[in-house]
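# Architecture and fold: a report
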There are 2 protein chains.
Amino acid sequence: MTESPRKWTADRIYQNLRQGIMNLELYPGSRVTETELAQRFGVSRTPVREALQRLAVEGYLTIRPKHGCYIRQLDVFELAEYYDVRVGLELESVALMGKRIPYREVAELAEDWDPGRAGYGLEGTESFKDAEESFHIRLAGLCGNPVLVQYLKDVNNHIRIVRRLGLPDRDSVLKTYHEHYDICQRILANDLDGAATLLRAHIHESQAKSREVTLVQLERRRQALDQGSGAG
Amino acid sequence: MTESPRKWTADRIYQNLRQGIMNLELYPGSRVTETELAQRFGVSRTPVREALQRLAVEGYLTIRPKHGCYIRQLDVFELAEYYDVRVGLELESVALMGKRIPYREVAELAEDWDPGRAGYGLEGTESFKDAEESFHIRLAGLCGNPVLVQYLKDVNNHIRIVRRLGLPDRDSVLKTYHEHYDICQRILANDLDGAATLLRAHIHESQAKSREVTLVQLERRRQALDQGSGAG
DNA sequence: GAAAAGTTTGTTGTATACAACCTGCATGGA
DNA sequence: TCCATGCAGGTTGTATACAACAAACTTTTC
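Residues numbered from 1 in each chain as written. Chains lettered and ligands numbered in written order. Predicted model: local features only at pLDDT ≥ 70, side-chain atom pairs only at ≥ 80, totals over all residues. Heavy atoms only, no water.

- If you look chain A up in an unreviewed UniProt entry, it shows as GntR family transcriptional regulator from Marinobacter salinexigens.

Take a look at the structure:
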């Protein structure tokens, strides 16, 4: 889905809006109109429409037929549901490794998440969040099922918004290193069930954390936007 | 994703093309152009473009940027991958029932698939295929995670093409009844792990069957299209 | 005869015009 | 005071025009 610049204008708008939604610059629930966006980007409505339609299909916003587009609301319950889907997909990816365990690749992955050489400069940075997400994608990728990975990426698209909200402290970074490492080790030890159990717990922790963080951060962001004016 | 008629023209084209792709009237790999479709439906290119873009995002066709649209190839390996995703999602839905087992709804579902009162008129009909798919959607729906169900529906959209290819004989219909019924019974007996095991095996059987049937039927359909001319 | 360059045709991408429709408000009546 | 009707503004949905680009074909040259 994240192809290279496919259609210059339309794709630019798409990427731009997507980022805006992720960063909560486009506040959930707010309305955007094609005309307004077309003016803002200095293009016609056509590429804007294309971008909006894509975003709608992908779940970033909802289109009320003859009325307008609304940035998708973050619903804490719905977010939790996405996490459960993640569990289903990621656990199945581990199960699929039973056919042929990709020892070498898992070992490489484990090396990158060795708590001994943990990147202690990363805590509190966006890049740690990216790395965390990347771990799960890489791990799932090793099952040899690109379709599953595609679905997992799609799920990630929906939870990334909240995934980035709370910045992790040093302890939770280290904890993540340990957990990722342990999951890999279980796989290397041929204990796929054990890996699955750890993975499930790991994702459930994220799920719980996301629930705590969401409402607080959302409110904070709202206040910032209110003060900083309507960010035209 | 299967909303009611959202936008008259564009949605009509979308539904129409989607059906065409499902029924293999639009043969996999063939090219379609916006202009051609616009003429065929007697509308302008705009709604056609919208329909094509949706179909592209949903994976029914691929758009080569300045060249045209190609109906998605059916790849037997890829289809198998979709089946594995199904396993992941459906098994997780069963696992999620652990929080609160919906006895009454599962009992109703079991009743509908009681082998004793099996609908023996159904074998060989399209409606049996629909019912089969519906069982899995209903079952997953009972876990109380609409997002998961949405993903499962999406997966079904991709495998429905092949799911319908081979018509089932009487034996496999009865077998399906038994398996569906047994899965429900395990859940009612509070044996979610047992249900999961059965479910996994059940889906894997479909997966294997689909693999057999696909290539044969695909070839048959191709020949029919060749004989019956280009089906303008 | 083969390869390369220029041309031609066709298709998509974007801009704009117009029509249908929905929403909200104001006005009028009960 | 409350509800219904009509009007106005704004927004989307569709049609069409034009430009940019890609691929295929033809022509030319070696």
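## Looking at the sheet that holds strand β3 (residues 68-71) of chain A
Residue and element names in this part refer to chain A.
- The antiparallel open sheet is built from three strands, whose spatial order is β1-β3-β2. Strands with a single pairing partner mark the edges of an open sheet, and in this sheet they are β1 (31-32) and β2 (61-64).
- Alignment of β1 against β3, held across two bridges, turns out to be antiparallel. What sits directly across from Arg31, in β3, is Tyr70. (Pairing = 2+ DSSP bridges. Helix = DSSP H or I, 4+ residues; strand = E, 2+ residues; numbered from the N terminus.)

## Quick word on the sheet that holds strand β3 (residues 68-71) of chain B
Residues and elements named next belong to chain B.
- One open sheet accounts for three strands, arranged β1-β3-β2; its pairing is antiparallel. A single partner strand is all that each edge strand has here, and the edge strands are β1 (31-32) and β2 (61-64).
- Along the sheet, helix α3 (residues 45-57) makes contact with β2 and β3, crossing β2 at roughly 115°. (Contact = heavy atoms within 4.5 Å. Axes fitted to C-alpha atoms, helices over the stretch in contact; angles between N-to-C directions.)

## With respect to the protein's contact with DNA strand D
- In the vicinity of DNA strand D there are 22 residues, among which Arg49 and Pro65 of chain A together with Thr9, Ser44 and Thr46 of chain B approach most closely.
- Expressed as a percentage, the sugar and phosphate content of the atoms of DNA strand D within 4 Å of the protein is 70%.
- Here a phosphate oxygen of DNA strand D and a backbone polar atom of Glu34 of chain A are 3.3 Å apart.
- For DNA strand D, a base nitrogen lies 3.0 Å from a polar atom in the side chain of Arg45 of chain A.
- At the level of elements, α2 (34-41) and α3 (45-57) of chain A together with α1 (8-22) and α3 of chain B are the ones that each hand at least two residues to the surface near DNA strand D.
- Taken together, the residues that form the surface near DNA strand D break down as five nonpolar, eight polar and nine charged. (Near = heavy atom within 4 Å. Polar contact = N/O pair within 3.5 Å; in protein donor to acceptor, adjacent residues only side chain to side chain. Nonpolar A, V, L, I, M, F, W, Y, C, P; charged D, E, K, R; others polar.)

## Focus: the pattern of salt bridges
- Enumeration according to the criterion identifies 30 salt bridges over all chains in this entry.
- Its salt-bridge partner being Glu90 of chain A, residue Arg86 of chain A comes within 2.9 Å of it at the nearest N-O pair. Here Arg86 of chain A pairs with Glu90 of chain A, and both are found in helix α4 (residues 76-96), just four residues apart, close to one helical turn.
- Its relative accessible area of 1% is what places Arg86 of chain A among the buried residues.
- By relative accessible area, which is 1% here, Glu90 of chain A ends up buried.
- Each of the salt bridges in this network shares a partner with another, and the network as a whole consists of Glu34, Arg45 and Arg49 of chain A together with Glu50 of chain B. (Salt bridge = Lys/Arg side-chain N within 4 Å of Asp/Glu carboxyl O. Buried < 20%, exposed > 50% of the residue type's maximum accessible area, 1.4 Å probe, protein only.)

## Focus on the pairing of β3 of chain A
All names here are of chain A.
- Alternating positions in β3 separate into two faces, Gly68 and Tyr70 on one and Cys69 and Ile71 on the other, with burial throughout.
- Direction of pairing for β2 relative to β3: antiparallel, over a ladder of four bridges. Of the residues in β3, the one forming a bridge with Thr62 is Tyr70.
- In textbook terms, the turn of a hairpin is the stretch between consecutive antiparallel strands, and for β2 and β3 this stretch comprises three residues.

## Here's the deal with the environment of Ala51 of chain B
Residues and elements named next belong to chain B.
- Relative to the elements of secondary structure, Ala51 occurs in helix α3.
- Along the primary structure Ala51 and Glu34 are separated by 17 residues, whereas in three dimensions their C-alpha atoms are 9.9 Å apart.
- Discounting chain neighbours no more than four positions away, the residues touching Ala51 are Ala10, Ile13, Tyr14 and Leu17.

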